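Overview (structure and organization)
If you want the building blocks of each chain, they are given just below.
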Amino acid sequence: MIKLVGVEKTLGGQPVLCGVDLTIPAGKLTTIIGRSGGGKSVLLKHMIGLLQPDRGQVWVDGIEISRLRGKALNEVRKRFAMLFQGAALFDSLTVFENVAFPLREKLRLADAEVVRRVEGMLEQVGLSGMGHKFPAELSGGMKKRAGLARALVMEPEIILFDEPTTGLDPLMAKTIHDLIVATHRTFHFTAIMVSHEIPEIFSISDWVAMLKDGKIAAMAPSAEFQRTTDPAIREFIAIGA
Amino acid sequence: MLTRSVARIGRTTLFLIAEMGRMLLFMLATFAWLARPPLRPFQILKQLHFIGFKSTFVVVLTAAFTGMVLGLQIYYTLRKFGSEGVLGSVVALSMIRELGPVLAALMVTARAGSAMTAEIGIMRITEQIDALDTMAINPLQYLIAPKFVAGLIAVPLLVAVFDVVGIYGGYVVGVSLLGANAGSYWSSIESAVEWKDVYGGIVKSISFGLIVSWVCCYKGYFTRMSAEGLGTATTEAVVLSSVVILVWDYFLTSVLL
């Protein structure tokens, strides 16, 4: 379980998070919605220790990670994976090498085992036969799928998705969503997704939270969230839909 | 007006001091990570190829013409005093003690240093460095440390190439074209060049190698998150590396002489 308590963050003199209190349920798919530039990605980066809060605490299964550094932080990070907005594939490596990268670096598996796992994962995300291509040769959707394969290959307990469908056409966005849901069902990881895809996210998420003015304005199970009476949230959902 | 100017000078001074502190911490952290396993020989070889081997052509070209112009200038100066016989020693000492380390380091900065900044900067902007962090792989250890090692090895080797080619360049012009005595050229080098001169050149080239990798990696690692920011970082890396090399050269020369 991930828990944020009173997290505050100012970036470039601008307050971005102003006391975020949020509890992410384990094993569920939780989506965080909110306005562009509202601090959703910043919030996500706090959960994996890429950013440290100015005030407040970030707990991951009873460990307060916001003051951890070096080896201790890396130990916590081993339980995470993250799919970045632009997929963040290493452009000097092929798709196969990108997916194999964490296996080779962290697990030091035999080559045959690496090949077996990577090819299995590429097949799962629909990229069979694409392993030899470099990221520059891939479309946006293929990059996201390759990023998803790299995130999944270590079988992490927690995966953070930072706007996984941004810049994709509706069909490809649906494919990525279906892939996230399918892999979530298969691997049972805790998923935290930042997204603007309303209303699609309501059908795939277990929980939905809204970040507004640097705070969590509401959090509820997906179906309940849609029935909210809060006018600001209703307006956001209506415009998004 | 005066208060505002003083405040601006104060702000700039504080910023520069803080920046120097950050740069120092960056270097120390990289060396600390370098000492920890796993060693990454493949990454180091890759960087050696990029910084060292791929810079060879431009270094040879620069060295040849530097040696040739040195031979030309010094030959005509020495002829005024009837001392053409020491042409070789003057060319060799200039090359080994000063021009070789400085010019080779400046060429490496221009060719490989700027590319290092751009590469690391793009990795920062496209979140590839964050991706390494999320995989519990330290970017300083994986990305920066191999570049430091490669800089420390490649630049002294390139300086050695520069010295040899430069001395031959001086020979081609001074002896083959202008008619100085070939035997005097080589024997004056043999009698004038001491171990102390070579040692000074080695010390300079190692420290210049470190400066190029250090400054260029730092500027790329902390680039601002925009195309303009990356351009600025690359320019700053080249300018700062070059200036630090020249300033550090003066201090080292005054200590080593």
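These numbers were taken from a predicted model, which means no experiment stands behind them.

For the rest of this paragraph, the subject is the sheet that holds strand β4 (residues 55-60) of chain A. All names here are of chain A. The four strands lie next to each other as β2-β1-β4-β5, forming an open sheet whose pairing is antiparallel. Each edge of the sheet is formed by a strand with only one pairing partner; in this case those strands are β2 (14-24) and β5 (63-64). Here β4 runs beside β5; their pairing, made up of two bridges, is antiparallel. Within β5, the position partnered with W59 by the bridge is E64. Helix-sheet contacts for helix α1 (residues 40-47) involve β1 (2-11), β2 and β4, and the interaxial angle to β1 is about 125°.

In this section: the sheet that holds strand β6 (residues 80-83) of chain A. Backbone-to-backbone hydrogen bonds pair the strands of a sheet. The strands run either parallel or antiparallel. All names here are of chain A. If you trace the six strands from one edge of the open sheet to the other, you get β6-β7-β8-β3-β9-β10, paired in mixed fashion. Every other strand in the sheet has two partners, leaving β6 and β10 (215-221) as the edge strands with one partner each. Between one strand axis and the next, the sheet turns by 15° as a mean value, whatever way the strands run. Here strand β7 (residues 158-162) pairs with strand β8 (residues 190-194) via five bridges, running parallel. If you follow L160 over to β8, its bridge partner there is I192.

This part is about the environment of A:L22. Residue and element names in this part refer to chain A. Among the structural elements, L22 can be located in strand β2. Spatially, the C-alpha atom of L22 lies 5.7 Å from that of K3, the residues being 19 residues apart in sequence. Setting aside chain neighbours within four positions, we find L22 in contact with L4, A209, I216 and M219.

Calculation criteria
- Counting restarts for each chain, with residues numbered from 1 along the sequence as it is written.
- Lettering for chains starts from A, numbering for ligands starts from 1, and both go in the order in which the items are written.
- Selection of residues for local features in this predicted model requires a pLDDT of at least 70, selection of side-chain atom pairs for listing and counting requires 80 or more, and totals for whole chains, interfaces and linings are taken over all residues.
- Whether two strands pair depends on DSSP finding at least two bridges between them.
- Note on conventions: DSSP H or I runs of at least 4 residues are helices, E runs of at least 2 residues are strands, and numbering of each starts at the N terminus.
- With C-beta atoms placed from the backbone, a contact is any residue pair whose C-beta atoms sit within 7 Å.
- The convention used is that axes are lines fitted to C-alpha atoms, helices contributing only their stretch in contact, and that angles between N-to-C directions extend from 0 to 180 degrees.

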